[in-house]
Amino acid sequence: MSEQSTDLRETVRRRYAASAVKVTEGGSACCGPQPVEVDENFGSALYAADERDALPAEAVAASLGCGNPTAVAELREGESVLDLGSGGGIDVLLSARRVGPTGKAYGLDMTEEMLALALANAKKAGATNVEFLKGTIEAIPLPANTIDVVISNCVINLSTDKPAVFAETFRVLRPGGRMGVSDVVADDTLTPGQRAERGDHVGCIAGALSFAEYRTGLEAAGFTDIEITPTHPVADGMHSAIVRATRPPAIETRTEATQSADTCCGVNSCCTSGETAADPSLTVTEAKAASGCGCQS
């Protein structure tokens, strides 16, 4: 990682650590936790009132995202879900409710202060099917092929190595698994310099990919069925967007058992006009004879 990338990551870490501390310290005040200051395009206002009311106040106050990925990820009972950059845990807790006791929701964050806040929020919520992990979204500390759904809320734009994020997301998803994230995306006409003019990196603007760059990055990682749908503007030419993509299902390999189920007496399509020897080096008659089958004609 370059020195500039390291500096940017540390700037992001400090910003979110400070946000977690603000919420934690505010929670002990007489008026409860105060929401982290963001404009109307970011934060807990993007969640439905009934969702906010069902969660600890600290989880809601720490919300810094640009959307509500749990509303678009189509989570189902029993699924495993991973939230990249889980912060105070709002999306993990909402996901845990959706997948139910037979499912599991993981949260991944690199900030100690946010992880501590998320653990406290999970305890207050009584959530038993959640687990929070420390790490970066460029090197996810989970085995391959273990997650059904990956979500994220305005975090991928903060990464300085987005190809690694896409590759790691693809790796941990099971074949047929899917991602449904909220992120900031730029118009294709905006250069990186023009994006930086509209906001800084830690503010989720300067580091955003364009629509075309996002699609290309996901395709390079192996994703298919890519949809990038803008939801609301966050700056001139910059949008909060819903990004969906799928890891293709595994290609079924014909096993010996599968082949034998289609084969009778050493012959494919036995007793039809299209029968052929399973062993291409033999004739149909030779194959039937070799198999010991009584049907020799």
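Note that this is a predicted model, so its numbers are computed, not measured.

About the thresholds
- Residues numbered from 1 in each chain as written.
- Predicted model: local features only at pLDDT ≥ 70, side-chain atom pairs only at ≥ 80, totals over all residues.
- Heavy atoms only, no water.
- Helix = DSSP H or I, 4+ residues; strand = E, 2+ residues; numbered from the N terminus.
- Buried < 20%, exposed > 50% of the residue type's maximum accessible area, 1.4 Å probe, protein only.
- Contact = heavy atoms within 4.5 Å.
- Axes fitted to C-alpha atoms, helices over the stretch in contact; angles between N-to-C directions.
- Parallel < 35°, antiparallel > 145°, perpendicular 65-115°, else oblique.
- Left-handed = near helix turned anticlockwise from the far one by under 90°.
- Phe/Tyr/Trp six-rings, centres within 6.5 Å; stacked < 30°, edge-to-face > 60°.
- Arc of directions from axis to C-beta.
- Core = buried A, V, L, I, M, F, W, Y, C linked by side-chain atoms within 4.5 Å.
- Salt bridge = Lys/Arg side-chain N within 4 Å of Asp/Glu carboxyl O.
- pLDDT = per-residue confidence, 0-100.

Caption draft 1: Structural context of the overall build of the chain. Counting its regular elements, the chain contains ten helices and eleven strands. In the chain, which comprises 297 residues, the share counted as buried stands at 49%. Contacts spanning at least 24 positions in sequence make up 67% of the contacts within the chain whose residues lie at least 6 apart.

Caption draft 2: Highlighting the packing of helix 6 (residues 162-172) against helix 8 (residues 211-221). It is the contact of helix 6 with helix 8, at a shortest axis distance of 9 Å, that shows an interaxial angle of 45 degrees. Between helix 6 and helix 8, the angle is such that the two are oblique. Relative to helix 8, helix 6 is oriented so that their crossing is right-handed. Taking contact as the criterion, the partners of Phe-166, Ala-167 and Phe-170 in helix 6 are, on helix 8, Tyr-214, Gly-217, Leu-218 and Ala-221.

Caption draft 3: Focus on the packing of aromatic side chains. According to the stated counting rule, one finds two aromatic pairs in the structure shown. Aromatic pair Phe-170 and Phe-223: ring centres 5.2 Å apart, planes at 90 degrees, arrangement edge-to-face. Separated by 53 residues along the polypeptide, Phe-170 in helix 6 and Phe-223 in the loop between helix 8 and strand 7 (224-235) bring together distant segments of the chain. Taken as a pair, Phe-170 and Phe-223 share a single burial class, namely buried.

Caption draft 4: Highlighting helix 8. Looking only at helix 8, the buried set comprises Phe-211, Tyr-214, Gly-217, Leu-218 and Ala-221. In a view along the axis of helix 8, the buried residues occupy a sector of 135 degrees, so they form one face of it. Elements in contact with the buried residues of helix 8: helix 6, strand 5 (173-186), strand 6 (209-210), strand 7 and strand 8 (238-246). Looking at the residues trailing helix 8, positive phi occurs at Gly-222, about 110 degrees.

Caption draft 5: Layout of the nonpolar core. If you look at the biggest cluster of nonpolar residues, it comprises 31 residues, and the most contacted ones within it are Leu-82, Tyr-214, Leu-218 and Phe-223. Going through the elements one at a time, strand 1 (80-84), strand 2 (104-109), strand 4 (147-153), helix 6, strand 5, helix 8, strand 7 and strand 8 are the ones with two or more residues in this core. Excluding residues that lie within four positions of it along the chain, Tyr-214 makes contacts with Ile-156, Phe-166, Val-181, Asp-183, Val-185, Leu-209, Ile-228 and Val-243.

Caption draft 6: How the structure looks around the pattern of salt bridges. Throughout the structure, instances matching the rule amount to nine salt bridges. Arg-174 is the partner of Asp-148 in a salt bridge, and the nearest nitrogen-oxygen pair spans 3.0 Å. With Asp-148 in strand 4 and Arg-174 in strand 5, this pair connects stretches of sequence that are 26 residues apart. Classification of Asp-148 by relative accessible area gives buried; the value is 18%. Using a relative accessible area of 32% as the deciding quantity, one classes Arg-174 as partly exposed. Ionic contacts of the salt-bridge type, sharing partners, join the residues Arg-76, Glu-79 and Arg-178 into one network.

Caption draft 7: Expanded view of the environment of Val-155. Along the chain, the position of Val-155 falls in the loop between strand 4 and helix 6. In this structure Val-155 comes out as buried when scored by relative accessible area, which is 15%. Note: C-alpha distance between Val-155 and Leu-84 (71 residues apart in sequence) is 7.2 Å. Ignoring sequence-local partners within four residues, the contact set of Val-155 consists of Leu-84, Gly-85, Ile-137 and Asp-183.

Caption draft 8: Region of the structure containing unusual backbone geometry. One non-glycine residue, Asn-145, adopts positive backbone phi at about 60 degrees. Locating Asn-145 in the fold gives a position in the loop between strand 3 (130-134) and strand 4. For Asn-145, a relative accessible area of 37% gives the class partly exposed. The backbone of Asp-225 sits at a positive phi, close to 55 degrees, despite the residue not being glycine. Residue position: Asp-225 is located in strand 7. Classification of Asp-225 by relative accessible area gives exposed; the value is 55%.

Caption draft 9: Local environment of helix 4 (residues 90-99). By the criterion of burial, helix 4 is predominantly enclosed, with eight of the ten residues buried. In the stretch just after helix 4, Gly-100 is the one whose phi turns positive, near 75 degrees.

Caption draft 10: Quick peek at the confidence of the model for the chain. Per-chain confidence: the chain averages 79 in pLDDT, with 67% of residues scoring 70 or above. For the chain, the element scoring lowest by mean pLDDT is helix 9 (residues 256-261), at 45; helix 8 scores highest, at 98. Predicted confidence is poor over residues 27-39, with pLDDT under 50, and the contacts of this stretch with residues over four places away or in other chains come to 23 contacts. Low pLDDT, under 50, characterises residues 253-262; the stretch is placed with five contacts to residues that sit more than four places away or in other chains.

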